[in-house]
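Observations on chain architecture
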Amino acid sequence: MITIQPKTVLPGLQRQDEDLLVIEEISNWTSPRLEICFAWDATGLQVYSPDGRPFLTTFEFARQVQQERERAEQERGRADRLAQHLRELRLAPASVGESL
């Protein structure tokens with residue numbers, strides 16, 4: 001989750017035509033264009049996507065990507081072991097899928 005420390009001064013700006021207007025109170029403010037929401041809590045400023053989920057930090061996102069890669073690699077290994085087992089039984093893996 002993206003967090004900005006509570007005592008940080010963070011001016012918000014909103015485009016209106018050719019101008020940028022200062023957002024006086026960014027807490028609980030939702031961007032009309034992007035539909036993302038900004039909210040202050042005890043840890044700082046939180047940023048939420050239009051569906052209400054918090055934005056991830058780059059660290060959290062990288063960890064999530066790594067976990068997905070590991071999961072995909074495990075699934076590939078599982079599929080490879082199953083295909084090898086089917087070959088040992090003298091069944092072609094593709095033909096088994098067609099009969100299901």
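Look up a bit, the structure's there.
Our subject in this report is the structure included herewith. (Residues numbered from 1 in each chain as written. Predicted model: local features only at pLDDT ≥ 70, side-chain atom pairs only at ≥ 80, totals over all residues. Heavy atoms only, no water.)

Focus on the environment of Ala-39
Among the secondary structure elements, Ala-39 is positioned in strand β5 (residues 37-41). Distance in space between the C-alpha atoms of Ala-39 and Asn-28 is 4.6 Å, their sequence separation being 11 residues. In contact with Ala-39, other than residues within four places in its own chain, are Ser-27, Asn-28, Gly-44, Leu-45, Gln-46 and Tyr-48. (Helix = DSSP H or I, 4+ residues; strand = E, 2+ residues; numbered from the N terminus. Contact = heavy atoms within 4.5 Å.)

Observations concerning unusual backbone geometry
Phi is positive for Asn-28, which is not a glycine, with a value near 60 degrees. A positive phi angle is found at Glu-35, which is not glycine, with a value near 60 degrees. Along the polypeptide, Glu-35 turns up in the loop between β4 (29-30) and β5.

Section: the pattern of salt bridges
Per the stated rule, a full pass over the model turns up four salt bridges. Among the salt bridges present, the one from Glu-68 reaches Arg-71, with a minimum N-O distance of 3.2 Å. Here the residue Glu-68 and the residue Arg-71 both occupy positions in helix α1 (residues 58-88), the gap between them amounting to three residues, near one helical turn. For Glu-68, a relative accessible area of 42% corresponds to the partly exposed category. What makes Arg-71 partly exposed here is its relative accessible area of 41%. In this structure, the salt-bridge partner of Arg-78 is Glu-75, at a minimum N-O distance of 3.6 Å. Here Arg-78 pairs with Glu-75, and both are found in helix α1, just three residues apart, close to one helical turn. Since its relative accessible area comes to 38%, Glu-75 is described here as partly exposed. (Salt bridge = Lys/Arg side-chain N within 4 Å of Asp/Glu carboxyl O. Buried < 20%, exposed > 50% of the residue type's maximum accessible area, 1.4 Å probe, protein only.)

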